[in-house]
Amino acid sequence: QVQLVESGGGLVQPGGSLRLSCAASGFNLDSYVIGWFRQAPGKEREGVTCISSSGGSISYLPSVKGRFTISRDNGKNTVYLQMNNLKPEDTAVYYCARGSRSYDCRVNPTEFGLWGQGTQVTVSS
């Protein structure tokens, strides 16, 4: 089946690190824009980062730039989100999503149609 499954979330102290995984089934994720989004209770879903098909273009939410890194492992058909120096305001459910086959990407939820179930990230002391 065509789906995305996130994993790797959990509880971490401020300043700590987590690596989230987004495993694709039923399609080759290298052929699509893949994005990471997050949603905290009572807040709208916001784009965190995206990587274009073939990995030629990457965008980041300004507040995570320099701390988060998106990458692909085509052999595992998986996209990762490495999150370093985590802050309490990073607490949210994190989702990966599939967009178009574009060689460019923008962090815009309306451009993504296939979503994973999400994984909870909690940053607290």
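Residues numbered from 1 in each chain as written. Predicted model: local features only at pLDDT ≥ 70, side-chain atom pairs only at ≥ 80, totals over all residues. Heavy atoms only, no water.

1. Focus: the overall build of the protein chain
Note the threshold: Only DSSP runs of H or I covering at least 4 residues are called helices, and only runs of E covering at least 2 are called strands; the numbering of each starts at the N terminus. Each radius of gyration reported is based on C-alpha atoms, and the globular scaling rule is 2.2 Å times the count of residues to the power 0.38. Working definition: with a 1.4 Å probe on protein chains only, accessible area under 20% of the residue-type maximum means buried, over 50% means exposed, and in between means partly exposed. Any two residues having at least one pair of non-hydrogen atoms within 4.5 Å are treated as being in contact. In summary, the charge assignment counts Lys and Arg as positive and Asp and Glu as negative, without counting His or the chain termini. In plain terms, the charge of a residue is placed at NZ if it is Lys, CZ if Arg, CG if Asp and CD if Glu.
Check the secondary structure of the protein chain and you find zero helices and eleven strands. Going from the N terminus to the C terminus, the protein chain shows its helices and strands as β-β-β-β-β-β-β-β-β-β-β. Computed over its C-alpha atoms, the radius of gyration of the protein chain comes to 13 Å, within 12% of the 14 Å expected for a compact globule of 125 residues. Once the C-alpha set of the protein chain is aligned to its principal axes, its extents read approximately 40 × 25 × 25 Å. Buried residues in the protein chain amount to 46% of all 125 residues. Contacts in the protein chain between residues far apart in sequence, at least 24 positions, make up 61% of those at least 6 positions apart. Across the protein chain, the centroid of the 12 positively charged side chains sits 2 Å from that of the 9 negatively charged ones.

2. Focus: the sheet that holds strand β7 (residues 68–73)
Backbone-to-backbone hydrogen bonds join strands into a sheet, with any given pair of strands oriented parallel or antiparallel. Going by this rule: For two strands to count as paired, DSSP must find a minimum of two bridges between them. Each axis is a line fitted through C-alpha atoms, taken for helices only over the stretch in contact, and angles between the N-to-C directions span 0 to 180 degrees.
With antiparallel pairing, the four strands of this open sheet are ordered in space as β1-β3-β8-β7. Of all strands in the sheet, those bounded by a partner on one side alone are β1 (3–7) and β7. The sheet shows a mean angle of 15° between the axes of neighbouring strands, direction not considered. In this structure, β1 lies alongside strand β3 (residues 18–25), joined through five bridges in antiparallel fashion. The residue bridging glutamine 3 from the neighbouring strand is serine 25, located in β3.

Spatial relationships are all this shows, so hold off on functional conclusions.
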